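Observations on the three-dimensional arrangement
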Amino acid sequence: MAREYDVVIVGAGMVGALTAVLTAQKGLTVALIDKHSGRYTLSTPPAYDARVSAISKLSQTLLEEAGAWQRIAQDRLAPYHKMAVWDGLGDGYVDFDTHYQQGQTLGQLVENAVLCNALMKSVHDTRGIDLYFDDSVVAQRQVDQGVEIDLASDRQLQGSVLVAADGANSQVRHQNGFETVEWDYGHHAIVTTVEIDQPHEGTAWQAFGEEGILAFLPLPSVDDKHYVSIVWSVAPSDAEQLVALEEADFCKRLTYSINRRFSALSITVPRMAIPLRQRHAKQYVQEGIALIGDAAHTIHPLAGQGANLGFADVSALVPILVKAHQRGETLGSMKVLRRYQRARMLDNIAMSASMEAFKRMFTTQQPIVVQLRNMGMKVCHSSSTIKRQLVAHASGIR
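What this report covers is the structure whose coordinates are included nearby. Since the structure is predicted, the reported quantities are computational estimates derived from the model, not experimental observations.

**Description of the pairing of strand S14 (residues 212-222)**
Most of S14 sits out of view: 10 of its 11 residues are buried. Two elements, strand S13 (residues 203-209) and S14, share five bridges in a ladder whose sense is antiparallel. Bridge pairing in S14 places Gly209 opposite Gly212. As paired strands, S14 and strand S15 (residues 225-234) are joined by eight bridges and run antiparallel to one another. For Val222, the partnering residue across the bridge sits in S15 and is Lys225. Hairpin connection, S14 to S15: the antiparallel pair is bridged by two residues, and Asp223 has positive phi, about 50°.

This is how it looks when you write it as structure tokens:
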């Protein structure tokens, strides 16, 4: 006989774990399923996790509500109060900081493994969540009161609603025939942690040039040595060559690509090259099922908004489910789930479209486009009004 829950969540990463905690805190019963164990082994600085996220103030508030943010040690957080962007093919430059908005930071950089570990501690400390780890969904079907789910472990669950938070290659999305619009960006993102020769000044640095799109994201200093997480978006053939370079040669290329604003001294973790693909589900919901986070949408990492978009999905979905539960509505009904889709789809599409346009504009080397974008950056740099809007957007205030 199937065990019954209000909400069944597939995927216990950042988005799925946060959804589980915030939903269970409101009195709903939750099943959390993941094919992994839910255990995270944290590295020792300066060997920071190569994958990091820029967490906006809105996302931080949600994580605090879940009791996860408080569990992160301060020496694993890197607040940033300024962003500096320039065009390596011209003299276009723009920077903005918290001077243009009340508040001390634009956001905080945190390693994905550290954040997932903190969320998992909150999951274990929250009543009303049953864990089905080292397990996976093999089949699901609609029943009168929701969705019945068969697990690889031969257990059966029934949920009023099934929430798919199982990532960009979502099995739930695929099994249920959700259609997507997607294409390759024609870029791979090289990620690693690098020691640099001087303080990063609490600034997120980003350069657009002939060697791709390069972000230097601040990490905590250790013993007066300074570190950044890099995200270097380049063509696949270039990524293969860069990953294969000897460490000293890679650091030289990196120093050149950041316009020598810093010297890259060494690499503290192995380099990874991650294919970049834009993907957006045409619908986020079906009867009994909702897609959230990367299962619903993925975008280019150049703006660092992937995690924040997923957390914004959580911020929309959880209150809708809680209110529907209080009203006695069927959680998986299209009437309920369409409220979530209406709340999030337009914002996510707008972000995807803007990132695609931004990527196309800054990866071309056509002289006319280069000239126009440099002019545009100069206008932005000289306008306090535009800078206030950029700060509000980057910090998640808007």
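**Topic: the side chain of Ser59**
You can see Ser59 is positioned in helix H2 (residues 57-65). When neighbours within four sequence positions are excluded, Ser59 is seen to be in contact with Asn308 and Phe311.

**Points about the environment of Ala24**
Among the structural elements, Ala24 can be located in helix H1 (residues 14-25). Among the residues examined, Ala24 registers a relative accessible area of 8% and is labelled buried. Along the chain, Ala24 and Asp6 lie 18 residues apart, while their C-alpha atoms are 9.6 Å from each other. Here Ala24 is in contact with Val30, Thr126, Arg127, Gly128 and Ile129, once residues within four sequence places are set aside.

**Details of the pattern of salt bridges**
Tallied over the full model, the rule gives 14 salt bridges. The residue Arg141 makes a salt bridge to Asp150 at a minimum N-O spacing of 2.8 Å. Relative accessible area serves as the criterion here: at 18%, Asp150 is assigned to the buried category. The salt bridge involving Glu329 is made with Arg327; its shortest N-O contact spans 3.8 Å. On the accessibility criterion, Arg327 (55% relative accessible area) is exposed. Through salt bridges with shared partners, a single network forms among Glu182, Asp184, Arg277 and Arg279.

**What to know about the packing of H1 against helix H7 (residues 306-327)**
Put simply, H1 and H7 touch, their axes get as near as 10 Å, and they point 25° apart. In terms of their interaxial angle, H1 and H7 are classed as roughly parallel. Crossing of H1 over H7 shows right-handed handedness. Only Ala307, Gly310, Phe311, Val314 and Val318 of H7 make contact with H1, whose side of the interface consists of Met14, Val15, Leu18, Thr19, Leu22 and Thr23. Of the residues assigned to the contact of H1 with H7, the class counts are eight nonpolar, three polar and no charged.

**Describing the nonpolar core**
By size, the foremost hydrophobic cluster in this structure holds 74 residues, and its most contacted members are Val7, Leu18, Leu115, Phe311 and Tyr340. When residues of this core are assigned to their parent elements, the largest contribution, 10 residues, is made by H7. Discounting residues that sit within four places of it in the chain, Phe311 has contacts with Met14, Val15, Leu18, Ile55, Ser59, Leu62, Leu63 and Leu115. Membership of the second largest hydrophobic core comes to 24 residues, among which are Tyr48, Ala54, Tyr227 and Met351.

**As for the packing of aromatic side chains**
Applying the stated rule across the entire model yields six aromatic pairs. Taking the centre distance of 5.3 Å and the plane angle of 80° together, the rings of Trp205 and Phe262 count as edge-to-face. Residue Trp205 is located in strand S13, and its partner Phe262 is located in the loop between helix H6 (247-257) and strand S16 (264-267); the two are separated by 57 residues in the primary sequence. Residue Trp205 is classed as buried on the basis of its relative accessible area, which comes to 9%. Under the relative-accessibility criterion, Phe262 is labelled buried at 3%. A centroid spacing of 6.1 Å and a plane angle of 40° characterise the contact between Tyr284 and Tyr340, whose relative ring orientation is tilted. With a gap of 56 residues between them, Tyr284 in the loop between strand S17 (272-281) and strand S18 (285-286) and Tyr340 in helix H8 (residues 334-363) connect regions that are remote in the sequence. Accessibility expressed as a relative area gives 0% for Tyr284, which makes it buried.

**Quick notes on the sheet that holds strand S3 (residues 52-55)**
Ordered by their spatial adjacency, three strands build an open sheet running S3-S7-S4, and the pairing between neighbours is antiparallel. Each end of this open sheet is capped by a strand with a single partner; those strands are S3 and strand S4 (77-80). Within the sheet, the average angular offset between the axes of one strand and its neighbour, ignoring direction, is 25°. Two strands pair when backbone bridges link them, and S4 and strand S7 (residues 107-111) are joined in this way by four bridges, in the antiparallel orientation.

**As for helix H3 (residues 112-125)**
In an α-helix, one turn spans 3.6 residues, which is why side chains three or four residues apart end up on the same side. Taking 1.5 Å per residue as the helical rise, H3 with its 14 residues ought to reach 20 Å, and the 20 Å between its terminal C-alpha atoms agrees with that figure. Burial runs high along H3: 11 of the 14 residues are buried. Listed in full, the buried residues belonging to H3 are Asn112, Ala113, Val114, Leu115, Cys116, Asn117, Ala118, Leu119, Met120, Ser122 and Val123.

Reading guide: rules and limits
Residues numbered from 1 in each chain as written. Predicted model: local features only at pLDDT ≥ 70, side-chain atom pairs only at ≥ 80, totals over all residues. Heavy atoms only, no water. Buried < 20%, exposed > 50% of the residue type's maximum accessible area, 1.4 Å probe, protein only. Helix = DSSP H or I, 4+ residues; strand = E, 2+ residues; numbered from the N terminus. Pairing = 2+ DSSP bridges. Contact = heavy atoms within 4.5 Å. Salt bridge = Lys/Arg side-chain N within 4 Å of Asp/Glu carboxyl O. Axes fitted to C-alpha atoms, helices over the stretch in contact; angles between N-to-C directions. Parallel < 35°, antiparallel > 145°, perpendicular 65-115°, else oblique. Left-handed = near helix turned anticlockwise from the far one by under 90°. Nonpolar A, V, L, I, M, F, W, Y, C, P; charged D, E, K, R; others polar. Core = buried A, V, L, I, M, F, W, Y, C linked by side-chain atoms within 4.5 Å. Phe/Tyr/Trp six-rings, centres within 6.5 Å; stacked < 30°, edge-to-face > 60°. Expected span 1.5 Å × (residues − 1).

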